[in-house]
Amino acid sequence: MENKLITGMKWTAWGIAAASLVWFLVAQLWLKSPIGMHFDSEGNFDVIDSKFYGFYPHGINLLCIGLTVLFDVLAEKVRIGLKVTEYGEELLRKVMHISIGWGRLLIVIFFSYWNALVILQKPLSEQVPTAILSMLMLGFNATIIAFIIIRYRVAGKGKADA
């Protein structure tokens, strides 16, 4: 039941997470230990610790990707329980997969952004509002586009009962 959008979202999440990890591994060459890991409300470091703690965002990325892969499998197996046609059920499953994929992508983007701030030693408090607003707007636009694509595909197959 995979379509190009769902597959593309999966590969994009894996690609971003992998690129973030590679960047952090390369940054190990120039980052001096200890590094700033947490910032106070004024943007100054209030937690300085070993470079090892910079692997936290990558561990969280891996955990979240693993959980969303499990959710994808469960979305295929769960019975929806609604009285809809077989095609309507397939459409609902696609929406579930797109929602799971989008959630995965947002999580990976956030923790990769955290990784970038650790590497660049920039305070999160100054950077987050713009990043959050950008991710939310991008997420909203992508969701609307996904629903439009699915609806046109439904209409194109002449199955308006979904």
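Since the model is a prediction, treat every value here as computed from it, not as a measurement. (Residues numbered from 1 in each chain as written. Predicted model: local features only at pLDDT ≥ 70, side-chain atom pairs only at ≥ 80, totals over all residues. Heavy atoms only, no water.)

S.K.: Honestly, the pattern of salt bridges in this entry has me stumped. Any pointers?
M.R.: Side-chain pairs of opposite charge can arise whenever the charged atoms involved come near each other. Applying the stated criterion across every chain, the model contains two salt bridges. The residue D72 makes a salt bridge to K10 at a minimum N-O spacing of 3.8 Å. In this pair, D72 sits in helix α2 (residues 56-77) while K10 sits in helix α1 (residues 4-27), placing the two residues 62 residues apart along the sequence. Of the residues examined, D72 reaches a relative accessible area of 6% and is grouped as buried. Accessibility expressed as a relative area gives 24% for K10, which makes it partly exposed. Put simply, R104 and D72 hold a salt bridge, and the shortest N to O gap is 2.6 Å. Pair noted here: R104 is in helix α3 (residues 86-120) and D72 is in helix α2, with a separation of 32 residues, a long-range link. Accessibility classification places R104 together with D72 in one group, the buried group. Linked by salt bridges that have partners in common, K10, D72 and R104 make up one network. (Salt bridge = Lys/Arg side-chain N within 4 Å of Asp/Glu carboxyl O. Helix = DSSP H or I, 4+ residues; strand = E, 2+ residues; numbered from the N terminus. Buried < 20%, exposed > 50% of the residue type's maximum accessible area, 1.4 Å probe, protein only.)

S.K.: Explain a nonpolar patch on the surface to me, please; I cannot follow it from the model alone.
M.R.: Taken together, the side chains of V22, W23, V26, L29, W30 and L120 define a hydrophobic patch exposed on the protein surface, amounting to about 640 Å² of accessible area. Take the nonpolar patch: its biggest share by element is three residues, from α1. Position of W23 relative to the elements: it lies in helix α1. (Patch = residues over 30% accessible without salt bridge, like charges linked within 9 Å, V, L, I, M, F, W, Y side chains within 5 Å. Areas by Shrake-Rupley, 256 points an atom, 1.4 Å probe, with all protein chains shown as cover.)

S.K.: Sorry if this is basic, but what is going on with the side chain of N115 here?
M.R.: Here N115 shows up in helix α3. With relative accessibility at 0%, the residue N115 sits in the buried group.

S.K.: What is the right way to look at the environment of L92 in this model?
M.R.: Turning to its location among the elements, L92 is positioned in helix α3. Judged by its relative accessible area of 32%, L92 falls in the partly exposed class. Considering only alpha carbons, one finds L92 and A75, 17 residues apart in sequence, at a separation of 9.6 Å.

S.K.: Explanation requested: the packing of aromatic side chains in the structure shown.
M.R.: Pairs of aromatic rings are described using the distance from one ring centre to the other and the angle between the two planes. For the structure on display, the rule yields three aromatic pairs. Taking 4.9 Å as the distance between ring centres and 80 degrees as the angle between the ring planes, the aromatic pair formed by F24 and F55 counts as edge-to-face. Remark: F55 occurs in the loop between β2 (45-49) and α2 and F24 occurs in helix α1; sequence separation between them is 31 residues. Note on F52 and F55: the rings are 6.4 Å apart at their centroids and 50 degrees apart in plane angle, and the pair reads as tilted. Three or more aromatic residues joined by ring pairs make a cluster, and in this case those are F24, F52 and F55. (Phe/Tyr/Trp six-rings, centres within 6.5 Å; stacked < 30°, edge-to-face > 60°.)

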